[in-house]
Amino acid sequence: MLDDYSKLHSTKVDGLFDALRKETNAVTSRPEMQVGPVEGRFLRMLVLMTGARNVLEIGTFTGYSALMMASALPEGGVLYTLDRDEVTNKIARKYFGKAPFGNKIRPILGDARETIKTVPGPIDFAFIDADKAAYDLYYEEVLKRLRPGGIIALDNMLWSGNVLNPEDEDSKVIDSLNRKISKDARVEGVLLTVRDGIMLVRKN
Ligand SMILES: C[S@@+](CC[C@H](N)C(=O)[O-])C[C@H]1O[C@@H](n2cnc3c(N)ncnc32)[C@H](O)[C@@H]1O
């Protein structure tokens, strides 16, 4: 499989990420929600390349993507990560406590539709990876707080291919957001076929 080849030929992740992956597989019901080593490293690369200092993530789960992005933050950088699930958040916090850069992460528990309003801007880089029904709302709220030239990465924007024939509600939301972004004069966007589709957006 090309995914395996891609993983094999990317820089290996630190042991902490392997441990988190194993624990997530063992104790959560939907471990596939984790971004994994290739997309995780891609997010780290984006934070490194943009020199982002103020990062926002919507959708912490057990903390894999938050740790990857935080590992790229400079001194004084901070990553806010939002989730409402207390059980998976506890695992995330445990691993944030083990990482040398974990003190740069600020987990915020609660419904992200509300907690996003408490995150201080301007945001340099944002990763949206939570409930699809609220993707448009998250996009608009993040865009308001994003600095000009800032970047948003939206995950699952190909939704296992269902965007080609959107029938259920989530597929329709994602398809219409893809259409909206492609015509949005406030931004420049590119929809990448990495994993389940990553829409990269740069605010003008
Ligand atoms: C796909 S997972 C995130 C995966 C994570 N980025 C990673 O790589 O490990 C989506 C997360 O969004 C959270 N979520 C869903 N709806 C939410 C909401 N309204 N407010 C806050 N979190 C929400 C879920 O609890 C879940 O942990």
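It should be noted that the structure appears before, not after, this text.
Residues numbered from 1 in each chain as written. Predicted model: local features only at pLDDT ≥ 70, side-chain atom pairs only at ≥ 80, totals over all residues. Heavy atoms only, no water.

1. Comments concerning the packing of helix H2 (residues 15–27) against helix H5 (residues 86–98)
Right, so step 1: Across the interface, H2 lies against H5 with an axial gap of 11 Å and an inter-helix angle of 165 degrees. Accordingly, the angle class assigned to the pair H2 and H5 is roughly antiparallel. Once H2 is placed against H5, the crossing between them reads as right-handed. Across the interface between the two elements, Leu 16, Ala 19, Leu 20, Glu 23 and Val 27 of H2 pack against Ile 91, Lys 94, Tyr 95 and Lys 98 of H5.
Right, so step 2: Split into classes, the residues belonging to the contact of H2 with H5 amount to six nonpolar, no polar and three charged. (Axes fitted to C-alpha atoms, helices over the stretch in contact; angles between N-to-C directions. Helix = DSSP H or I, 4+ residues; strand = E, 2+ residues; numbered from the N terminus. Parallel < 35°, antiparallel > 145°, perpendicular 65-115°, else oblique. Left-handed = near helix turned anticlockwise from the far one by under 90°. Contact = heavy atoms within 4.5 Å. Nonpolar A, V, L, I, M, F, W, Y, C, P; charged D, E, K, R; others polar.)

2. As for the nonpolar core
Soluble globular proteins: nonpolar side chains tend toward being buried together.
Right, so step 1: Core analysis: the biggest nonpolar cluster contains 32 residues, and Leu 43, Val 47, Val 55, Leu 67, Met 69 and Phe 125 have the highest contact counts within it.
Right, so step 2: Of all the secondary-structure elements, those providing two or more residues to this core are H2, helix H3 (36–50), helix H4 (64–70), H5, strand S4 (123–128), strand S5 (146–155) and strand S7 (198–203).
Right, so step 3: If you tally residues by element for this core, the top one is H4, at six residues.
Right, so step 4: Those residues within four positions of Leu 67 in sequence are excluded, and the remaining contacts are Leu 16, Phe 17, Leu 20, Tyr 95, Phe 96, Ala 99, Phe 101 and Ile 105.
Right, so step 5: Residues Val 119, Ile 128, Tyr 138 and Val 201 belong to the second largest nonpolar core, which totals 29 residues. (Core = buried A, V, L, I, M, F, W, Y, C linked by side-chain atoms within 4.5 Å. Buried < 20%, exposed > 50% of the residue type's maximum accessible area, 1.4 Å probe, protein only.)

3. As for the side chain of Asp 184
Right, so step 1: Mapped onto the secondary structure, Asp 184 falls in the loop between helix H8 (169–182) and strand S6 (187–192).
Right, so step 2: Contact partners of Asp 184, with chain neighbours within four places excluded, come to Tyr 139 and Leu 143.

4. Brief notes about H8
Note that an α-helix has 3.6 residues per turn; residues three or four places apart therefore point the same way.
Right, so step 1: Between the first and last C-alpha of H8 there are 20 Å, a value that for 14 residues agrees with the 20 Å anticipated at 1.5 Å per step.
Right, so step 2: Every buried residue of H8 is listed here: Ser 171, Val 173, Ile 174, Asp 175, Leu 177, Asn 178 and Ile 181.
Right, so step 3: On the buried face of H8, the contacting elements are helix H7 (135–145), S5, S6 and S7.
Right, so step 4: A side-chain oxygen of the first residue of H8 lies 3.3 Å from the backbone nitrogen of Asp 170; this N-cap is Asp 168. (Expected span 1.5 Å × (residues − 1). Polar contact = N/O pair within 3.5 Å; in protein donor to acceptor, adjacent residues only side chain to side chain.)

5. A closer look at the sheet that holds S5
Right, so step 1: Pairing is mixed in the open sheet, where seven strands are placed in the order S3-S2-S1-S4-S5-S7-S6. Every interior strand has two partners, whereas the edge strands, strand S3 (105–109) and S6, have only one. Taking the axes of each pair of neighbouring strands and ignoring which way they run, one obtains an average angle of 15 degrees across the sheet.
Right, so step 2: Judged from the four bridges that link them, strand S1 (residues 54–58) and S4 form a sheet pairing that is parallel. When the sheet's bridge partners are listed, Glu 57 is paired in S4 with Phe 127.
Right, so step 3: Packing against the sheet, H5 makes contact with strand S2 (78–83) and S3, and its axis sits at approximately 170 degrees to S3. (Pairing = 2+ DSSP bridges.)

These figures capture arrangement, not role.
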